[in-house]
Amino acid sequence: RESINAEGRYVMAKINMKSMKKSTKDQLITFGLVILVYIVVQIMVTTGSMSSLMQGLLVPMCTYSIVGIGLNLCVGYLGELSIGHAGFMCVGAYLGGKTAVILEPVIGEVPALLAALAVGGTVAVVSGVIIGLPALRLRGDYLAIVTLAFGEIVRSIFMNSSAESFGGSLGLDTPRFDKDYLFIIAFILVIGCLAVTQNLIRSKHGRAIT
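Residues numbered from 1 in each chain as written. Predicted model: local features only at pLDDT ≥ 70, side-chain atom pairs only at ≥ 80, totals over all residues. Heavy atoms only, no water.

**What about helix α4 (residues 85-107)?**
The end-to-end C-alpha distance of α4, which contains 23 residues, comes to 32 Å, matching closely the 33 Å that a straight helix rising 1.5 Å per residue would cover. Taken as a whole, α4 carries its principal kink of about 30 degrees at V101; the proline P105 stands between one and four residues after it. All of the buried residues along α4 are G87, F88, C90, V91, G92, Y94, G96, G97, T99 and A100. Each element contacted by the buried residues of α4 is listed here: α5 (109-135) and α6 (142-159). Phi turns positive one or two residues past the end of α4, at G108, with a value near 100 degrees. (Helix = DSSP H or I, 4+ residues; strand = E, 2+ residues; numbered from the N terminus. Expected span 1.5 Å × (residues − 1). Bend = angle between axes of the 7 residues up to and from the residue. Buried < 20%, exposed > 50% of the residue type's maximum accessible area, 1.4 Å probe, protein only. Contact = heavy atoms within 4.5 Å.)

**Here we look at the nonpolar core**
In terms of nonpolar packing, the biggest core is built from 20 residues, with L113, F177 and F183 touching the most fellow members. Where this core is concerned, the elements lending two or more residues are α1 (2-47), α3 (58-77), α5 and α7 (179-202). In terms of residue count, the dominant contributor to this core is α7 (eight residues). With near-sequence residues (within four places) excluded, F177 lies in contact with A100, E104, E109, L113 and L182. In this structure, F88, V91, F150 and F166 belong to the second largest nonpolar core, which totals nine residues. (Core = buried A, V, L, I, M, F, W, Y, C linked by side-chain atoms within 4.5 Å.)

**Let's talk about the pattern of salt bridges**
Per the stated rule, a full pass over the model turns up one salt bridge. R155 is the salt-bridge partner of E152, the closest N and O atoms lying 2.9 Å from each other. With E152 and R155 both in helix α6 and three residues apart, this pair spans about one turn of that helix. Using a relative accessible area of 38% as the deciding quantity, one classes E152 as partly exposed. Assessed through its relative accessible area of 41%, R155 is described here as partly exposed. (Salt bridge = Lys/Arg side-chain N within 4 Å of Asp/Glu carboxyl O.)

**Section: the side chain of S127**
On the secondary structure map, S127 appears in helix α5. If near-sequence neighbours (up to four positions away) are discounted, S127 is found in contact with F88, V91 and F150.

**A closer look at the packing of α5 against α6**
With their axes 10 Å apart at the nearest point, α5 and α6 run at an angle of 150 degrees to one another. The two elements α5 and α6 meet at a crossing, and its hand is right-handed. Facing S127, I131 and A135 of α5, the residues of α6 in contact are L143, V146, T147 and F150. A class-by-class count of the residues in the contact of α5 with α6 yields five nonpolar, two polar and no charged. (Axes fitted to C-alpha atoms, helices over the stretch in contact; angles between N-to-C directions. Left-handed = near helix turned anticlockwise from the far one by under 90°. Nonpolar A, V, L, I, M, F, W, Y, C, P; charged D, E, K, R; others polar.)

Printed below as a string of structure tokens:
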């Protein structure tokens, strides 16, 4: 009996090692492809092969990549349908942008940008917790309805705000940061979000979520 148990543990250990190697390989491939895209983009920008219009879309592409990573974690792994994902992004973007507007003349571009990112991310997380705690106790499609309502409420609040506070229907006029380092920071954030998500999925909490 002891030999059978030892052999069973050995087989399970081999299976776990194989699954870990496969997941590590998939993770390295994902990071490799993202870094390859970054290198190609930098070469095209340096050689002048990319138009100014396309260069202006690089940072929004990174932004929506981060949103997609978060949505995939919520819908793909957790299995909960969130329709108001843009609402959380909106709260973080507006309050982070307002932080940049206030701090940029005082502490400069880069510190103001980092502070805006920290404030925006924190506000989005707090909003998600406030909506998620009561909504996850509901059954069926109620989470989708609650998140959709949250997104619409946030949009209405910011669009009907005063021009002095959040710009109203014209939007918030934020400082014009230098695109050279803005894309680098955005790309680093994409890599960071990928790393956090991949490590979370492979952890015991990630297995419980799945």
